[in-house]
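This is what each chain is made of:
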Amino acid sequence: MHLLFVCLGNICRSPTAEAVMRGVVEDAGMGHRITVDSAGTGDWHVGSPPDPRSVAAAARRGVALDGRGRRVDDADFSSADLILAMDRHNLEELRGRAPDDAAAARVRLLREFDPESVGTGSLEVPDPYQGGPDGFEHVLDLVDAACRGLLRAIEDGSATPTARG
Ligand code: 4NP
């Protein structure tokens, strides 16, 4: 199972989700079954390291961010079993770029996998880039809950209801 986390810039939310999910997967002993990556829909930060504010917030929770910004490309739609969008803009852009309906169905909002989010109807991870430090902490809280739910959904077989097309 290959997971791709996607936001706008690939320097704040999606590298955070990638690193958090990697930790969740490794803690569960599932590292041999699940691989993770991240990308952005925009190209402004291609080649850049994660935002220092995201790095610092994650480090305070013992999570290390790595990688360099890259843009989503066509190959991602065939290599990823699930593409996890952070907000509805990301979701719409990704679904618009998907080569067919089966690939579009593999694009989901990350927070759909957090049962508490589904209960409240709040399914986005807000962009923290223009805001203060609280936004980066909030991203970690939301992403952590969603990644735990995502692992449970993978384990119980409900994460990928559609067949690979
Ligand atoms: P991200 O945050 O999508 O969570 O990586 C952003 C980073 C950069 C920009 C926007 C959002 N930007 O406009 O440069």
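You'll find the structure just up there.
The written sequence of each chain sets the order in which its residues are numbered from 1. Owing to the predicted nature of the model, reporting of local features is limited to residues with pLDDT of at least 70; listing and counting of side-chain atom pairs is limited to 80 or more, with chain, interface and lining totals taken over all residues. The side-chain numbers reported here are obtained from all heavy atoms of the structure, hydrogens and water having been left aside.

Caption draft 1: Structural context of the pattern of salt bridges. Any Lys or Arg side-chain nitrogen located within 4 Å of an Asp or Glu carboxyl oxygen qualifies as a salt bridge. Summed over the entire model, instances satisfying the criterion amount to 13 salt bridges. For arginine 13, the salt bridge identified is with aspartate 87, shortest N-O distance 2.9 Å. In this pair, arginine 13 sits in helix 1 (residues 13-27) while aspartate 87 sits in the loop between strand 3 (82-85) and helix 4 (88-97), placing the two residues 74 residues apart along the sequence. Each member of the pair, arginine 13 as well as aspartate 87, carries the same accessibility label: buried. One salt-bridge network, held together by shared partners, links Arg60, Arg61, Glu137 and Asp141. The numbering of helices and of strands both runs from the N terminus, where a helix is a DSSP run of H or I of at least 4 residues and a strand a run of E of at least 2. Relative accessible area decides the class of each residue, using a 1.4 Å probe on protein chains only: under 20% of the type maximum gives buried, over 50% gives exposed, and in between gives partly exposed.

Caption draft 2: Inspection of helix 2 (residues 52-59) at higher detail. Within helix 2, burial applies to Ser54, Ala57 and Ala58. Within helix 2, the buried residues cover an arc of 95 degrees as seen down the axis, which keeps them to one side. Elements in contact with the buried residues of helix 2: helix 1 and helix 7 (133-155). Read the arc as the range of directions from the helix axis to the C-beta atoms. In what follows, residue pairs with any heavy atoms lying within 4.5 Å of each other are defined as contacts.

Caption draft 3: Structural detail: the site of the ligand. Nearness here has a simple test: a residue counts as near a molecule or strand if at least one of its heavy atoms is within 4 Å of that partner. If you check the shell around the ligand, you find Cys7, Leu8, Gly9, Asn10, Ile11, Cys12, Arg13, His45, Asp127 and Tyr129 and nothing else. Here leucine 8 contributes a backbone N or O atom positioned 3.0 Å from an oxygen atom of the ligand. Within 3.5 Å is the distance limit for a polar contact, defined as a pair of N or O atoms, with the added protein rule that one can donate a hydrogen and the other accept it, and that residues adjacent in sequence qualify only through two side-chain atoms. At 3.0 Å from an oxygen atom of the ligand is found a main-chain nitrogen or oxygen belonging to isoleucine 11. Starting from 350 Å² of accessible surface for the ligand in isolation, the protein chains cover 89%. Under this grouping Gly is polar, as are all residues other than the nonpolar Ala, Val, Leu, Ile, Met, Phe, Trp, Tyr, Cys and Pro and the charged Asp, Glu, Lys and Arg. Taken together, the residues of the shell around the ligand sort by class into five nonpolar, three polar and two charged. Surface accessibility in these figures is a Shrake-Rupley result with a 1.4 Å probe; residues are shielded only by whichever protein chains are displayed.

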